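The primary structure of each chain is shown beneath.
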Amino acid sequence: MDASVLTAAIAATALVCRAAFLEWRDPGAGRRVWSFVRDRRALGAGLAAAVLLGAVGWSRAGADALVWAVLTGVIVASLTAGRRQPGERGGPPES
């Protein structure tokens, strides 16, 4: 396994562990951290970032770049998801 792929796997593991520790400290916090998976706008932004980065990365670095593209897509989606105004449809539930 390439060191670059291992580094991406460690970064993904750190994100999952962060959510687990937040859940342990404050029940329900982990669910709020991962609520972006129900937000269509955030998933669209993450998918677009992953596809664009994956296409460029594939031509430059090969298959190893796909792991980084997926990780980047997840991070972009989680950063794009935001709180919506009350009454606006979609997005994470209010806490």
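Residues numbered from 1 in each chain as written. Predicted model: local features only at pLDDT ≥ 70, side-chain atom pairs only at ≥ 80, totals over all residues. Heavy atoms only, no water.

Draft legend 1. Just the packing of helix H3 (residues 40–61) against helix H4 (residues 64–80), in detail. Axis separation between H3 and H4 bottoms out at 7 Å; the angle between their running directions is 160 degrees. Between H3 and H4, the angle is such that the two are roughly antiparallel. Crossing geometry of H3 relative to H4 is assigned as right-handed. For the pair H3 and H4, the contacting residues are Ala42, Leu43, Ala45, Gly46, Ala49, Ala50, Leu53, Gly54, Gly57, Trp58 and Ala61 in the first and Asp64, Ala65, Leu66, Trp68, Ala69, Thr72, Gly73, Val76, Ala77 and Thr80 in the second. Within the contact of H3 with H4, the residues separate by chemical class into 14 nonpolar, 6 polar and 1 charged. (Axes fitted to C-alpha atoms, helices over the stretch in contact; angles between N-to-C directions. Helix = DSSP H or I, 4+ residues; strand = E, 2+ residues; numbered from the N terminus. Parallel < 35°, antiparallel > 145°, perpendicular 65-115°, else oblique. Left-handed = near helix turned anticlockwise from the far one by under 90°. Contact = heavy atoms within 4.5 Å. Nonpolar A, V, L, I, M, F, W, Y, C, P; charged D, E, K, R; others polar.)

Draft legend 2. Looking closely at H3. Between its first and last C-alpha, H3 extends 30 Å over 22 residues, near the 32 Å set by a 1.5 Å rise per residue. Among the residues of H3, those classed as buried are Ala42, Gly46, Ala49, Ala50, Gly54 and Gly57. Projected down its long axis, H3 carries its buried residues within an arc of 135 degrees, all on one side. For H3, exposure combined with an orientation more than 90 degrees from the buried face picks out Arg40, Arg41, Leu47, Val51, Leu52, Val56 and Ser59. Where H3 begins, the side chain of aspartate 39 points an oxygen toward the backbone nitrogen of arginine 41, at a separation of 3.2 Å. Of the residues trailing H3, glycine 62 is marked for its positive phi of about 90 degrees. (Expected span 1.5 Å × (residues − 1). Buried < 20%, exposed > 50% of the residue type's maximum accessible area, 1.4 Å probe, protein only. Arc of directions from axis to C-beta. Polar contact = N/O pair within 3.5 Å; in protein donor to acceptor, adjacent residues only side chain to side chain.)

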